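Here is what each chain is made of, one letter per residue.
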Amino acid sequence: MTKLDAFALLGVKRQPWFDPGELQEAHLALCKQFHPDVQPDEFGRMQAGAAMASIHEGYEILKNPASRLRHLIELETAQPLPKIEEIPQSQAANLMDLALAGAKVDECLKNFSKSESSLEKASLMPELLEAQDSVDAARTKIGSLTEGVAKELKEMNDQWLKMGVSHLREFAALLSYLRKMDESLARQKLRIQEALLS
Amino acid sequence: MSQNEVIIGIDLGTTNSLVGLVDTGFPVLIPDNQGNRLTPSVASFHGEKALVGWSAKRQRAVAPKKTFYSVKRFIGRRFSDLQSEEKEVGYDISAGATGKVTCLCGGQAYLPENISSLVLAHLKEVAENYLHAPVTKAVITVPAYFNDAQRTATKDAGRLAGLTVERILNEPTAAALAYGLDRKGENIKVAVFDLGGGTFDLSILELREGLFQVLATNGNTRLGGDDIDMAVASELMRRLRAEGSTEVDAVLQARILEVAEEAKCRLSTEDETSVELPFVRPDFSFQTTLTVEELNRLAKPIIDKTRVHCLRALADAKLGAKDLAEVILVGRQTRMPMVRKLVTEIFQKEPNTSVNPDEAVALGAVIQAGILSGSLQNLVLLDVTPLSLGLETFGGLMNVLIPRNTTIPTKAGEQFTNAVDGQTSMRIHLLQGEREMARDNWSLGLFDIEFNPEARGLARVGVQFEVDANGILHVLARDLKTGTEKKVEMKSAVDVSSQEVERMVAESVEFALDDMQERRLVELKLKGERLLGITHTTLEKMEGVLSSDEIGEVRVLLKRLEQTLNGSDEVFLKKAIKELDDGTVFIAEKLMEIALNQKHEQSKLYISS
């Protein structure tokens, strides 16, 4: 459980959704006030270093919708959330598809990295290009799923307290999964691009 | 710091350096008394006297063994870490007593930071002459991809020159400051492509209302224009030898490198250029012509290496090329048309050349100096740590504490406990890098955590790792039971004696030696078999595409490999594998072309349907 309250630190309301611009504004104002470079003396600079580190940490937590929701739930319930959440039933099929796409790409990359001759590498090209397409498609799908969640969360900004925090848990779990998958797909995409360059 | 205290900004480059300061609200670069703003980063020793800058550079062809250039490539590094081609400089280098790269001159030994400090002292003097007042504080730039040891060594160079280094600033970030100073109102994302003499950096920044935030950075501290000079020089050397000049001494080598660099620069604006070396021997002058095509062919493998770093930085920033408003070119090597073409291709837009690629970094250093001294206001810079920071854990793995591209200043903590009863200390190995295995990363150093003697698992020491705004690491240990704090002294990796490093390396390979030879042969044979298989199937598949001559040539190589596979001669086997691999490259290229074409056709179908 994190000790800091990122919402208080950034001076924003506790709520599930923020447009990126709102958080940026808050972060920018704090940077201009607390950055070590703008302090008038050595003592101020020493203090500001630690303050800035906390501000960045808080901003990073809030910037990402998944970690923001988790943080919000942890603050409200004063309980740490389990590291791994159950997959929400309603989304199981969607997430399974994405995971399978990722596994197939992994297989392709594994074959490629094992190949030693230029001939072998070249013969894997069509597969690699196909893998690239499926990664792109999967990421587009994640994008639209994430956008859907964002829309729902935005509508909940005013009433989430009435509905209860537990209601948010499913969203938090889903967002975490989508984020993790997107990150792993992004890594795969990079590896494919690197492979295509070689 | 008082409002009026002067801080100078210095771009300490591999090849050239610059100095400047904020004068009545504007960043300016200061010329020396000859009117030059650029100072070559060269020092030359003659008895008691050291020449610095232009006068030293002129010594390079006359006294190559006493003239030290490009030392930035060596600063903060261990001799044993250098690749063989990196050691190809006109002067002598060796591993000093501590394993650091050391420059030798007669009986004297100099660390790279000693040489750099001479350049810095010269720049300090240039600024003092301009101001008619002493200067004691500076901002110095380094490649974004410099690790902790390289940054610390640069800071030491400043100290040796009598300068307090107020900030170590990343070069591409500095360039972005210079670019963005007049665009404070905009809210955009930009990339800085910085290819200098010895290093390459790619940084992606977000600019909004006076805040410059680095989102990601990637690079290579051993990639730059010098590599192209070297490639051109070896081509010239080859031609020189072909004309019967076999003896190339250090002086001639230095001359060839010099004309190679000049020819490369001329070819940025001309299609071909004549290269002349008068009186290589008393009776022989060398002359040859170099074309742009020839230069591009030599430079391509070097320049192509920048691609992957661009892709990685974009991935880390979670951005695509289309999200960037501008790509800013910095570093003298970006004047080369071929580099500009590559940048246009990678980022799908014409690069921005509005900043002077030679001066942008220095101007940025001056702007940062202005921010620190209070003479420039309403600007804030948020940079990142370029490399992940971690500890070696059980099994030789690296455990990341602070991931790369984390905004600095930042901190991370870790708790340690005693593993056995009464244990009083524990050795921690700090690492920087992106590889999974500890040994593949840079070793930043070792330090000891002290425990009060207690039963196993009871002692508790928290260690805090803090990366400051310079990108330099500080370690603090706190006994969680008593609350006593202690700054941990880290033995820098380059301070560990070379014998100790050698011993550690030796221990790790000793037991592996026995079965190595046998395993190598087995692995080679497997590799050969695979290559045979894939070549056979490809030939079948490509029968209609390849001419019978082409197939015949490949079959000869196939036969040869088959024969060597029956024997057990490692050298022959290796040769046969390489020959077949090389001999089928043209087929591989055809295969790739076909795959890409098919892909292209497909996408056309999508569009039309």
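Keep in mind that what you see is a predicted model, and the values were worked out from it rather than measured.

### Remarks on the overall build of chain B
Across its full length, chain B holds 15 helices and 30 strands. For 609 residues, the compact-globule formula gives about 25 Å, and the C-alpha radius of gyration of chain B, at 27 Å, lands near that figure. Over its C-alpha atoms, taken along the principal directions, chain B stretches across nearly 80 × 75 × 70 Å. Counting over 609 residues, chain B shows a buried share of 53%. Once local pairs closer than 6 in sequence are excluded, the contacts in chain B between residues at least 24 apart make up 64%. Chain B carries 71 positive and 87 negative side-chain charges, and their two centres are separated by 1 Å.

### Things to note about the side chain of Arg239(B)
All names here are of chain B. Here Arg 239 is to be found in helix H5 (residues 225-242). Take Arg 239: its relative accessible area is 13%, and that puts it in the buried class. Dropping the residues within four chain positions of it, Arg 239 is found in contact with Phe 286, Thr 288, Thr 289, Leu 290 and Glu 294.

### Some details on the sheet that holds strand S29 (residues 485-487) of chain B
Residue and element names in this part refer to chain B. If you trace the 4 strands from one edge of the open sheet to the other, you get S24-S27-S28-S29, paired in antiparallel fashion. This sheet does not close on itself; its edge strands, each paired only once, are strand S24 (410-416) and S29. Going from strand to strand, the sheet's axes swing by 20 degrees on average, the running direction of each strand aside. In this structure, strand S28 (residues 473-479) lies alongside S29, joined through 3 bridges in antiparallel fashion.

### Some remarks on the interface of chain B and chain A
Contacts between the two partners involve 45 residues from chain B, matched on the other side by 39 residues from chain A. Of the roughly 3,600 Å² buried between chain B and chain A on both sides combined, carbon and sulfur atoms contribute 60%. Where chain B packs against chain A, one counts 3 salt bridges. A salt bridge links Arg312(B) to Glu194(A); its shortest N-O distance comes to 2.9 Å. Applying the counting criterion to the chain B and chain A interface returns 11 residue pairs in polar contact (both at pLDDT 80 or more). A per-element tally of the side of chain B that touches chain A places helix H15 (residues 585-608) of chain B first, with 8 residues. For the side of chain B that touches chain A, a count of residues per class yields 22 nonpolar, 10 polar and 13 charged.

### Here's the deal with empty space enclosed by the protein
All names here are of chain B. All chains considered together, the criterion is met by 8 cavities of 30 Å³ or more. Lining the largest cavity we find 20 residues, and of these Arg 60, Tyr 69, Ser 70, Asp 226 and Leu 257 sit closest to its centre. Every element with two or more residues in the lining of the largest cavity is listed here: H5 and helix H6 (250-266). No other element matches the 3 residues that H5 contributes to the lining of the largest cavity. Looking at the lining of the largest cavity, its residues break down into 6 nonpolar, 4 polar and 10 charged.

### Looking at the domain arrangement of chain A
Residues and elements named next belong to chain A. Along its sequence, chain A is carved into domain 1 (6-63) and domain 2 (89-197). Summarising the inter-unit geometry, the C-alpha centres of domain 1 and domain 2 are found 31 Å apart. The interface is formed by 5 residues belonging to domain 1 together with 6 residues belonging to domain 2. Contact with domain 2 buries area across many residues of domain 1, yet Arg 14, Pro 16 and Trp 17 alone supply 78% of it, more than any other trio.

### Let's talk about the packing of aromatic side chains
For the structure shown, the criterion picks out 8 aromatic pairs over all chains. Their ring planes at 85 degrees and their centres at 5.3 Å tell us that Tyr69(B) and Tyr91(B) sit as a pair that is edge-to-face. Here Tyr91(B) lies in the loop between strand S7 (67-68) and strand S8 (92-95) and Tyr69(B) lies in the loop between S7 and S8, a separation of 22 residues in the sequence. Judged by its relative accessible area of 2%, Tyr91(B) falls in the buried class. We note Lys121(A) situated over the ring of Phe112(A); from NZ or CZ to the ring centre the distance is 5.9 Å. For Lys180(A), the ring lying beneath its charged end belongs to Tyr177(A), and the centroid distance is 5.7 Å.

### Focus on the sheet that holds S7(B)
Residues and elements named next belong to chain B. Read from one edge to the other, the open sheet built from 3 strands follows the order S6-S5-S7, with strand pairing classed as antiparallel. One side of each edge strand has no neighbouring strand; the edge strands of this open sheet are strand S6 (49-52) and S7. Bridge count between strand S5 (residues 43-46) and S7: 2 bridges; the pairing is antiparallel. Paired with Ala 43 across the strands is Phe 68, a residue of S7.

### Here we look at the pattern of salt bridges
Residue and element names in this part refer to chain B. In total, this model carries 46 salt bridges over all chains according to the counting rule given. Salt-bridge contacts for Glu 5 lead to Lys 137; the nearest nitrogen and oxygen are separated by 3.2 Å. Of this pair, Glu 5 sits in the segment before strand S1 (8-12) while Lys 137 is found in strand S11 (residues 137-142), placing the two residues 132 residues apart along the sequence. According to the relative accessible area criterion, Glu 5 is partly exposed, its value standing at 30%. The exposure class assigned to Lys 137 is buried, which follows from its relative accessible area of 14%. Within the structure, one salt-bridge network assembled from shared partners comprises Arg 73, Asp 226, Asp 227, Glu 261 and Arg 332.

### Let's talk about the confidence of the model for chain B
One rule of thumb: low pLDDT means the predicted coordinates there are not for detailed reading. All names here are of chain B. When the pLDDT values of chain B are averaged, the result is 87; 93% of them are 70 or greater. Every residue in residues 493-515 is under pLDDT 50, and counting partners more than four places away or in other chains gives 20 contacts. Reported confidence for the predicted complex is 0.80 by ipTM and 0.82 by pTM.

### Details of the packing of helix H13 (residues 548-566) of chain B against helix H14 (residues 570-583) of chain B
Think of two packed helices as two axes; the pair is described by the angle between the axes and how far apart they sit. All names here are of chain B. Where H13 contacts H14, the axes come no closer than 9 Å and their chain directions differ by 160 degrees. By the angle between their directions, the pair H13 and H14 is classed as roughly antiparallel. Pair H13 / H14 crosses with left-handed handedness. On H14, the residues touching Val 554, Leu 557, Leu 558, Arg 560, Leu 561, Thr 564 and Leu 565 of H13 are Phe 572, Leu 573, Ala 576, Ile 577, Glu 579, Leu 580 and Gly 583. Of the residues belonging to the contact of H13 with H14, the class tally is 10 nonpolar, 2 polar and 2 charged.

### Looking at the pairing of strand S25 (residues 425-432) of chain B
Two faces belong to every sheet, and in a regular strand the side chains alternate between them. All names here are of chain B. By the bridge criterion, 3 bridges tie strand S21 (residues 389-393) to S25 in an arrangement that is antiparallel. Across the sheet, residue Leu 391 finds its bridge partner in S25, namely Leu 430. The pairing of S25 with strand S26 (residues 442-450) spans 8 bridges and is antiparallel. The residue bridging Ile 428 from the neighbouring strand is Phe 447, located in S26.

Analysis parameters
- Residues numbered from 1 in each chain as written.
- Chains lettered and ligands numbered in written order.
- Predicted model: local features only at pLDDT ≥ 70, side-chain atom pairs only at ≥ 80, totals over all residues.
- Heavy atoms only, no water.
- Helix = DSSP H or I, 4+ residues; strand = E, 2+ residues; numbered from the N terminus.
- Rg over C-alpha atoms; globule rule 2.2 N^0.38 Å.
- Buried < 20%, exposed > 50% of the residue type's maximum accessible area, 1.4 Å probe, protein only.
- Contact = heavy atoms within 4.5 Å.
- Lys, Arg positive; Asp, Glu negative; His and termini not counted.
- Charge placed at Lys NZ, Arg CZ, Asp CG, Glu CD.
- Pairing = 2+ DSSP bridges.
- Axes fitted to C-alpha atoms, helices over the stretch in contact; angles between N-to-C directions.
- Buried area = accessible area lost by both parts, 1.4 Å probe.
- Salt bridge = Lys/Arg side-chain N within 4 Å of Asp/Glu carboxyl O.
- Polar contact = N/O pair within 3.5 Å; in protein donor to acceptor, adjacent residues only side chain to side chain.
- Nonpolar A, V, L, I, M, F, W, Y, C, P; charged D, E, K, R; others polar.
- 1 Å grid on protein atoms, 1.4 Å probe; cavity = no way out; pocket = protein on both sides within 12 Å on 5 of 7 lines; lining within 4 Å.
- Points joined across faces, edges and corners; volume = space filled by probe spheres on them.
- Domains from an automatic or database assignment.
- Phe/Tyr/Trp six-rings, centres within 6.5 Å; stacked < 30°, edge-to-face > 60°.
- Lys NZ or Arg CZ within 6 Å of the ring centre and 35° of its normal.
- pLDDT = per-residue confidence, 0-100.
- Parallel < 35°, antiparallel > 145°, perpendicular 65-115°, else oblique.
- Left-handed = near helix turned anticlockwise from the far one by under 90°.

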